[in-house]
Amino acid sequence: MTSHFLNLLIFSIIVATFFAFLTRNEPRARWRLGLILGGSMLFLSLALAWIMYPFPVR
Amino acid sequence: MGSRDVAGSPASTEGRHRHLALACALAWALPGAGHWYLGKRARAGVFFCLVTLSFVLGAALHGRFSVRDRRAPLLSTLQVVACLGTGPLEIVSRSFLYGGPIYFLPEEDSILTSEGRRPNTPVGRLLRSRNEARDSAYGTAYLWTAGLMNLLLILDVFDIGIGRKD
């Protein structure tokens, strides 16, 4: 499984769900935090990748 | 309802401390077990699934089961702590991989020789081969994250146990 995006997606879901359950007790608040965290990880990673795109790999 | 409130129980201080220590030990031994012991059953199930999934993905994707390396003592020690956070599951997996619970890089591989950093021992060679796998970076992220999440769970169990958190 070497798809960077797939790994990013799975990792974001795992971590966002973990922190949502760790820090919130209400289902609604968990959903909200999970979506914010997961979405932020995805969006910021893609944004960073886009910014770094012009730079050479090595 | 059904929760084991260690902080509010009328038992002696020593008994409360024992309950708290047991809850934290269970949390390390099996992800989610500490929450289960304290009566947080639903949360325990979710935490068990998340930490185990992360660990299994890490092991399957050639994650780095780190060993303490004298060339980078601080970083490699922190990596070992992150790995060990998962508990006995990590120790058993490591034993299958390296043929024993090995946490220190053998001295032959810790010394820089004229050949550079080429590993000489089975542990060093295995570590190198896993590092060179294409998916190793992903696996390592999953593996260390599983351990670090479980360490956070131990702290959470402690907080619940002393009544600082519901």
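All residue numbers refer to positions counted from 1 along the written sequence of the respective chain. Written order determines the labels here, with chains lettered from A and ligands numbered from 1. Totals for whole chains, interfaces and linings use all residues, but because this is a predicted model, local features are given only for residues with pLDDT of at least 70 and pairs of side-chain atoms are given and counted only at 80 or more.

## Thoughts on the overall build of chain B
Each helix is a run of H or I in the DSSP string that is no shorter than four residues. Each strand is a run of E no shorter than two, and both are numbered from the N terminus. Of regular secondary structure, chain B possesses eight helices and zero strands. Ordered by position in the sequence, the α and β elements of chain B form the string α-α-α-α-α-α-α-α. Counting other C-beta atoms within 10 Å of a residue's C-beta gives its exposure: the residue is buried at 20 or more, exposed at 12 or fewer, and partly exposed in between, where C-beta atoms are placed from the backbone. By the burial criterion, 34% of the 166 residues in chain B qualify as buried. Residue pairs at least 24 apart in sequence account for 64% of intrachain contacts in chain B once pairs closer than 6 positions are excluded. In this description, any two residues whose backbone-derived C-beta atoms lie within 7 Å of each other are considered to be in contact.

## Considering the overall build of chain A
Check the secondary structure of chain A and you find two helices and zero strands. Computed over C-alpha atoms, the radius of gyration of chain A comes to 14 Å, more than 25% over the 10 Å expected from 2.2 N^0.38 for 58 residues, which places it beyond the range of a compact globule. Just to be clear, the radius of gyration here is over C-alpha atoms, and the globule rule we use is 2.2 Å times residues to the power 0.38.

## Examining the interface of chain A and chain B
Taken residue by residue, the interface counts eleven residues in chain A and 17 residues in chain B. Amino acid classes used here: Ala, Val, Leu, Ile, Met, Phe, Trp, Tyr, Cys and Pro are nonpolar; Asp, Glu, Lys and Arg are charged; the rest, including Gly, are polar. A class-by-class count of the residues in the side of chain A that touches chain B yields seven nonpolar, four polar and no charged.

## Some thoughts on the nonpolar core
In these notes, a nonpolar core means any group of buried Ala, Val, Leu, Ile, Met, Phe, Trp, Tyr and Cys residues linked to one another through C-beta atoms within 7 Å. By size, the foremost hydrophobic cluster in this structure holds 33 residues, and its most contacted members are B:Tyr142 and B:Leu143. Per-element accounting of this core gives the leading share, nine residues, to helix 8 (residues 136-161) of chain B.

## A word on the packing of helix 1 (residues 4-23) of chain A against helix 3 (residues 41-60) of chain B
Two numbers describe how helix 1 of chain A lies on helix 3 of chain B: the axes approach to 10 Å, and their chain directions differ by 155°. It follows that helix 1 of chain A is roughly antiparallel to helix 3 of chain B by the angle criterion. Two packed elements cross with a definite hand, and for helix 1 of chain A against helix 3 of chain B that hand is left-handed. For the pair helix 1 of chain A and helix 3 of chain B, contact is made by A:Ile14, A:Thr17, A:Phe18 and A:Phe21 and by B:Arg43, B:Val46, B:Phe47, B:Leu50, B:Leu53 and B:Ser54, respectively. When its residues are assigned to classes, the contact of helix 1 of chain A with helix 3 of chain B shows seven nonpolar, two polar and one charged. Angles here are taken between N-to-C directions and fall from 0 to 180 degrees, while the axes themselves are lines fitted to C-alpha atoms, restricted in helices to the stretch in contact. Working rule for angles: under 35 degrees goes down as roughly parallel, over 145 as roughly antiparallel, 65 to 115 as roughly perpendicular, anything else as oblique. Take the far helix as the reference: if the near one is turned anticlockwise from it by less than a right angle, the crossing is left-handed, and if turned clockwise, right-handed.

## Regarding the environment of B:Asn131
Residues and elements named next belong to chain B. Turning to its location among the elements, asparagine 131 is positioned in helix 7 (residues 122-132). C-alpha of asparagine 131 to C-alpha of arginine 64: the two residues are 67 residues apart in sequence and 6.7 Å apart in space. Dropping the residues within four chain positions of it, asparagine 131 is found in contact with Arg64 and Ser136.

## Some points on helix 1 (residues 13-29) of chain B
Residue and element names in this part refer to chain B. Expected span, for any helix, means 1.5 Å times one less than how many residues it has. Between the first and last C-alpha of helix 1 there are 24 Å, a value that for 17 residues agrees with the 24 Å anticipated at 1.5 Å per step. When helix 1 is considered as a whole, its buried residues turn out to be Ala23, Leu26 and Ala27. Each buried residue of helix 1 sits inside an arc of 105° when the element is viewed along its axis, so together they form one side. Of the residues in helix 1, the exposed ones pointing more than 90 degrees away from the buried face are Thr13 and Glu14. In this description, one arc is meant: the one made by directions from the helix axis to the C-beta atoms.

## Observations regarding helix 1 of chain A
Side chains of residues three or four places apart in an α-helix project in the same direction, reflecting 3.6 residues per turn. Under the 1.5 Å per step criterion, the end-to-end length of helix 1 of chain A is 28 Å for 20 residues, consistent within 8% with the ideal 28 Å. For helix 1 of chain A, the complete set of buried residues consists of A:Phe11, A:Ile14, A:Ala16, A:Phe18, A:Ala20 and A:Phe21.

## Some details on unusual backbone geometry
Residue and element names in this part refer to chain B. Phi is positive for histidine 62, close to 60°, though the residue is something other than glycine. In this structure, histidine 62 sits in the loop between helix 3 and helix 4 (73-84). By C-beta crowding, histidine 62 is classed as buried, having 20 other C-beta atoms within 10 Å.

## Remarks on the packing of helix 4 of chain B against helix 8 of chain B
Between two packed helices, both the angle of their axes relative to each other and the distance between the axes serve to describe the pair. Residue and element names in this part refer to chain B. Direction vectors running N to C along helix 4 and helix 8 enclose 70°, while the axes themselves pass 6 Å from each other. As summarised for this structure, helix 4 and helix 8 are arranged roughly perpendicular, according to the angle between their axes. For the pair helix 4 and helix 8, the contacting residues are Gln79, Ala82, Cys83 and Leu84 in the first and Leu143, Trp144, Gly147 and Leu148 in the second. Class assignment for the residues of the contact of helix 4 with helix 8 results in six nonpolar, two polar and no charged.

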